[in-house]
Structure formats: structure tokens, C-alpha cells
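Secondary and tertiary structure notes
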There are 2 protein chains.
Amino acid sequence: MNSPALPDRLVITYDYHGVDPAKIADLIRVEQTIEFPLELASPWIADAVVGKIEEITTIDLMNHRIIISYNPDVVGGELTALLNVLWGNASLFPGLRVVGLAIPESITSLFKGPRFGVTGLRELFGAKDRPLLCTALKPMGSDSKTLAAMASTIALAGFDMIKDDHSLANQPWSRWRERVRAVSDAVSSANEKTGGNCLYAPSLNLPADQIFDAAHSAKALGAGALLVLPGITGFDSMRALAADDELALPIQGHPAFLGSLVASKDGGISHGVLFGTLMRLAGADISIFPNFGGRFSFTQEQCREIQVAAAAPLHGLHPIWLAPAGGMSIEGIPEMLEFYGRDLALLIGGALHRGDLSANAVRMSALVRAL
Amino acid sequence: MNSPALPDRLVITYDYHGVDPAKIADLIRVEQTIEFPLELASPWIADAVVGKIEEITTIDLMNHRIIISYNPDVVGGELTALLNVLWGNASLFPGLRVVGLAIPESITSLFKGPRFGVTGLRELFGAKDRPLLCTALKPMGSDSKTLAAMASTIALAGFDMIKDDHSLANQPWSRWRERVRAVSDAVSSANEKTGGNCLYAPSLNLPADQIFDAAHSAKALGAGALLVLPGITGFDSMRALAADDELALPIQGHPAFLGSLVASKDGGISHGVLFGTLMRLAGADISIFPNFGGRFSFTQEQCREIQVAAAAPLHGLHPIWLAPAGGMSIEGIPEMLEFYGRDLALLIGGALHRGDLSANAVRMSALVRAL
């Protein structure tokens, strides 16, 4: 679902599991803004700064839907403040879940959003209407040379994007800089042979004081894309990387550490808002999330919700790619296409390694390119 | 609880709600490391890189405790990678909760941890064995001049620390830089009058590409401490700020956006690990969390767990202050002291404004200083 759009208001829809929804609605609109006894606030602050209850719908004794709108000025133009209004202290209220978010143009216009999105990556890869071919370098413990050879094999097979496994950082078996150099070189050599444009996305799950320099180093070393883990390094690190015109690289957003936000039906943030709207607002060109039927637990309905939010009108911000992942197989591609359509980044990892990597990658590439 | 310590292993204890704990334990140890079919990994990787199941205890049909240990090398010396091993993709498994964490010295020795901790702030404030006197500037919507006047009143009353309300960022009513300058000046003037050492902690819930410069600007403008929201800007932003020897400022860690991690008893991370161990490892000198009996929902037992983790031996990292907050009152101080003891940062916000702010602040200061 989405929140109703109201003229120049940030509109958040909450599901509340509990009694007395009017009381909790009053708590939320104050907590998420002035965090101060309402009766002590000036009339101007109580009117202009505190959120407004737009609607309370009671579904049954214990289940209610609450819509509250906020003055966009409480966000002050920054994603960090928007996240705080959305879910800062409200995250500490039991029984409360964000299920809808409508962001006014006065806020979205301050964000660059996804630099490429669906159309931009189609152009970049010359992929007119087919899904993208994506995989990950693994397993951790492999040295950089081995990972580079793997990347070469996959790039030669005609894949579009090869990311670091999201767990790869600065482990002693393959240090970040050494890996980025070796894999970038391998992918570049493969591209020369194929005439293709395979891009390597190194992981930027790195220390906060190194992440921006690392992104620029990655580009200088030849990496053509970036993998960001906003659950660990913060959504705003992704926003800043996406907005950097000197980088101008496609970004994959990974769901690590974000699971607790969506896991409970009585808490957190809905799948669509988190993996659709927020990933997109923060500049991911590709949103990775656990597919239904994989080794995690998302349902078809939750995956559909992500798809809807990834493509819904958002004041001109580009729609983004979906990368439903987690134990996907080549055999499962037709089912994924049927469910998601073609704006799909097919991210198949471990399964490519069952048998011969090269043969599997060639087979998957041929299958997808023939679509 | 804590995980058992094993020689040079990172030990994570999980509670699992579901059937077949051996199967989920196998999934976790692979998912959190190589994320790759185990049978395809080399014998060396399967042994040295994949986690090891140390113990599975079945409590009843649906409840089990699983202990898995990891090679510290999978962390590669970085908090961002540690958070990923702890809860990256595991956050996406339903029914799983981290309830214990034992970090070996080979990892903690790479972290500075809290620069001041309990002892350091006692020295800084000349607070031999009393709790600290803390409050927040509010409500949002007030201009910088009003907030500075408020800070002056509170500093003159003898408070130790005055933080921005965590929601204050760059709203038009009080821009960050203007506010930091005005409040720092006001607190500095008050300190000259009182001979005291009240410190102002501006909020650093700011864009990722500005946060470190902002921290240095804050110090240059006269701020004596920092407020960090690791749930939004990332735990590693706090780690990096705490480790910065040019800043060398006390840090308050705020729980905004972290609630979904602790809210479900069948998911997330335990209160002790999150608000105790992780806040401390990431360098918070003061961990702010919702007190029992306030407007949020923590229990006495959960608060006790935080207290234990904040003070437990951690290879020489300083124990840290507790700031149980959220609707606290001056009248409630004796009960808080009885429960928590004296290593307590008394963070009382809105209640100070009921009636005369100055009189309330003076009363609270006198009460606490007489302890």
C-alpha cells in the first residue's frame, strides 16, 4: 500500500496492534517531532511542527490503521532526519509498523535518487528488454587471484554485473584494495575480449571514515559499480555515494542487517517502504532482497509490495531494478520472470558453482539473452 | 546473558524459535560467512572460515539455544564486518535472536572503545560518586536563540551535559551551525559564571558526507560533547568519532531507529548486546535507552541486562554510563538510583519544563549533588 498524498505534507501510515489508537496516534505525532509535553508547547509549535492525525481506521479491537502527516520542514532536507521522523523513537513503541509513506515533491526534489534506474542500466548494458545477468564473488576465504579468475570466467560468459559477496571486506585472505584491483583488471580484460560492458561492484561495507575514499579508489582501480549495505553503513551513505557526480556509478543496495525491520508483522517497516521506497530514495539502482521460495522467508505478497514501490510514481525519481535473491537457480528463472516481469536483475550466486562455473554462466547468459 | 568465551573465537549465542535447530544452526554458520553451498567449499574453507556449532540446547519443542563460534579473521578488524557476521543476513531468518556475544581480545584490541567511560566522565565533571545531570534542548520549532537561553539556564543550574533533542538537525527554525554556535557560546558563558564544566552535545544525525566535518566544526564552535544516532548514521560512524584523537569528546549514543532490533522476543538482538556491548564497542560513553516505566516498553529485566553488559569485563574497554530515559521525572530519581546505582546519567527532558525551568533545574541539581 501507499500513504495518501497530501499537498506538501510527509504522510506516514502506521498499522497499530493494540488498544486505544487515538492515544498512540497522539503519542506518535508528538514523539516524532517535538518530544515534549504538548500542553507546554506554544500554539504555533503545536500547530506547525507537531504531526497531524489525518485518519484513524479501526479494523478490529486490536488492529488499527493510523495516518499522520508532518510538515516537510521537520525533515530539514536531509535523509537522516527523514529516517528519524519516519522511525526514530517510534521504533521503540511496541505494536507499531510503518506501512505507507508519501513523500512530497518539496522533499524528493532535494534528492538525486537512483542515478541510472531501470532505463539507465538498460542503456549502459545494451539490454533492451531483457533481465540483467548478475552474480557474486564467493566464497569468503578464497584469495583475490581466485576471485579474479572467477570474475573473468563470468565476464567472458557475458554477465552484466559481478558483485563482491556482501561479506567480503578486509579479511586477511583477500584484502579490499588488492581484490578490487585484481577483479577490476580481470573484468576489464574480459570486456576487451568480448566487447561487452561487464561491471564489477566491490562491497563498500567499510569503516565510515573510509567509505567515500574507498568508493573513489574503487573507481580509479577500474570498478564500474558499487555494492552498499545501508543497514550497516546507513542509508545516507548510499544517498551520498549515489549523488556523487565524480563517481557516477550504478549502485546495488543489499539487505544485510535490515531483516529485523521487516520481520515482525506488528513492528518495523513494511517491505515495500523499506526495500522499495527507501532504497530508491537513497539512490539504489538495484534493490536486493530475499525472494519468496528461497532460503529466507519473504512471501509473494511482500515481494509484490517491493515491486510496486520500486516502480510507483515518485515525483520523477527513476524506477529501480529488483534483485530477488537468496538461493536462486537457473532453473527458477522462468518462474521469476513470470512473477516479476523483465525489470529484473537475476542475481544467482552459489548455484552457478554447482558443476562447471563457465558452462553454467554461459548457459544462463544464453538463456537470458535469448529472451 | 553472555556468550561463553572461547580462546580467540567470536562467539554468538542465538535463541531460535522453530523446529529443527540443527538445520538452522548449519544455515547460520554458512550464511554468516561463505554464503555458498558448504559441500562445494574447499576443506580448508569449510574448516577455517565457516562458523562452528559449539552447542545446541533444546528448551522445548519450539525453543532452542544455539552457540556458534567464528574465526575472528572473518571480521577483518572492522566493526562494519563484525556487524555483518553478527546479524547481516541472519537478520532475515525468522525466529532467530542474538542473545549473547563474546568478542575475543584479538578483535577488541583493534577498537578504542569509549574514550572516557564511567571513570573518565567522573573526572571530567568532578563527579566523584554522584550520577550525572543531563537534559535535552527542546522542543523542535524553537529558534536557536531560545534554545541557547534554555541551555544557559540549565548550565547555570549546574548540569553536566546538555544535548540537542535527537530530532534537531537542520530544520529551518534552527539551523545546525547557528544552533551549535549559539548554544556553545551560552554554555561557555554560564561555565565562566559558575566555574563549572557543563558540556553541550549537538546532534550529529547529519548526512554521511558531512558528519565528520560537522563534529570538528562543533568542537571548533565550542561544543564539548557529541550526540550520535547509530541506528541512522551507522554504529561505525560513532566508532570513528570516538576514535578521533583530535576530537577526543565524550559521546552519547541514542537509540533512535534501533527499536525494531529489540522489539520482538523471537527476533533481533538482545537489549544487553545492542545497548550494552555494541554501544560500548562502538565508543559511546553514555548509552541512552528507554527506561522501564517510561513511555516506551522496556522491562526491568531488559534494563538490567543493558546494565550488566555496560559494565562487564570487555578486555579493558571502559565500562559506560547508562542513561535510561523517555518520560523521566525528578520525583523518579530515587527509584532509578535504587535500581541502577550511581553510574547513571540522569537524562530528564520535558519534565524540567513543567513549571519554572530554572527552579526545576536548580532543584534537580541540588538533589543530585547532595547524594
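This write-up is about the structure you can find in this document.

1. Some words on the packing of helix α3 (residues 79-87) of chain B against helix α10 (residues 235-243) of chain B
All names here are of chain B. Their axes nearest at 9 Å, the elements α3 and α10 cross at an angle of 145°. You can see that α3 and α10 cross each other, and the crossing is right-handed. The segment α3 lies against α10, with L79, T80 and L83 engaging F235, D236 and R239. Of the residues belonging to the contact of α3 with α10, the class tally is 3 nonpolar, 1 polar and 2 charged.

2. Some remarks on the pairing of strand β11 (residues 286-290) of chain A
Looking along a regular strand, one sees side chains alternate from face to face of the sheet. Residues and elements named next belong to chain A. Along β11, 5 of the 5 residues are buried, which leaves the element largely enclosed by surrounding structure. Burial of β11 is two-sided: the residues I286, I288 and P290 facing one way and the residues S287 and F289 facing the other way are all buried. Of the pairings in the sheet, the one linking strand β9 (residues 251-253) to β11 comprises 2 bridges and is parallel in character. Paired with G253 across the two strands is S287, which belongs to β11. By the bridge criterion, 5 bridges tie β11 to strand β12 (residues 321-325) in an arrangement that is parallel. Note that in β12 the partner of P290 across the bridge is A325.

3. A look at the packing of aromatic side chains
Residue and element names in this part refer to chain A. Taken as a whole, this structure holds 12 aromatic pairs over all chains when the rule is applied. Between F339 and Y340, the ring centres sit 4.8 Å apart and the planes meet at 80°, which makes this aromatic pair edge-to-face. Ring pairs connect the aromatic residues F289, F292, F339 and Y340, which therefore count as one cluster. One residue, R304, lies across the ring of F339, its end atom 3.7 Å from the ring centre.

4. A few points about the relation of the copies chain B and chain A
With an RMSD of 0.0 Å, the fit of chain B onto chain A corresponds to turning through 180° and sliding 0.0 Å along the axis. In short, the pair behaves as if placed about a two-fold rotation axis. Among all residues of chain B, the minimum C-alpha distance to the rotation axis is found for G234 of chain B, at 2.5 Å. Same-surface contact between copies: 100% of interface residues of chain B are shared with the interface of chain A.

5. Describing the packing of α10 of chain B against helix α12 (residues 271-281) of chain B
A packed helix pair is summarised by two numbers, namely the angle formed by the two axes and the spacing between the axes. All names here are of chain B. As a packed pair, α10 and α12 sit with axes 8 Å apart at the nearest point and diverge in direction by 45°. Of the possible angle classes, the one that applies to α10 and α12 is oblique. Residue-level inspection shows F235, M238 and R239 of α10 in contact with α12, the latter providing L274, L278, M279 and L281. Per-class residue counts for the contact of α10 with α12 are 6 nonpolar, no polar and 1 charged.

6. Some remarks on the interface of chain B and chain A
Facing the 74 residues of chain B at the interface are 74 residues of chain A. Both faces considered, chain B and chain A share a buried interface measuring about 6400 Å² in area, 61% of it formed by carbon and sulfur atoms. Contact with chain A buries surface across chain B, with E35, L92 and F257 of chain B losing the most and accounting together for 11% of the total. At the boundary of chain B and chain A, one finds 4 salt bridges. Residue R354 of chain A is joined to E39 of chain B by a salt bridge in which the shortest nitrogen-to-oxygen separation is 2.7 Å. At the surface where chain B touches chain A, the tally comes to 29 residue pairs in polar contact (both at pLDDT 80 or more).

The rules behind these values
- Residues numbered from 1 in each chain as written.
- Chains lettered and ligands numbered in written order.
- Predicted model: local features only at pLDDT ≥ 70, side-chain atom pairs only at ≥ 80, totals over all residues.
- Heavy atoms only, no water.
- Axes fitted to C-alpha atoms, helices over the stretch in contact; angles between N-to-C directions.
- Helix = DSSP H or I, 4+ residues; strand = E, 2+ residues; numbered from the N terminus.
- Left-handed = near helix turned anticlockwise from the far one by under 90°.
- Contact = heavy atoms within 4.5 Å.
- Nonpolar A, V, L, I, M, F, W, Y, C, P; charged D, E, K, R; others polar.
- Buried < 20%, exposed > 50% of the residue type's maximum accessible area, 1.4 Å probe, protein only.
- Pairing = 2+ DSSP bridges.
- Phe/Tyr/Trp six-rings, centres within 6.5 Å; stacked < 30°, edge-to-face > 60°.
- Lys NZ or Arg CZ within 6 Å of the ring centre and 35° of its normal.
- Least-squares fit on C-alpha atoms with pLDDT ≥ 70 in both.
- Parallel < 35°, antiparallel > 145°, perpendicular 65-115°, else oblique.
- Buried area = accessible area lost by both parts, 1.4 Å probe.
- Salt bridge = Lys/Arg side-chain N within 4 Å of Asp/Glu carboxyl O.
- Polar contact = N/O pair within 3.5 Å; in protein donor to acceptor, adjacent residues only side chain to side chain.

No statement about biological role is implied by the geometric values presented.
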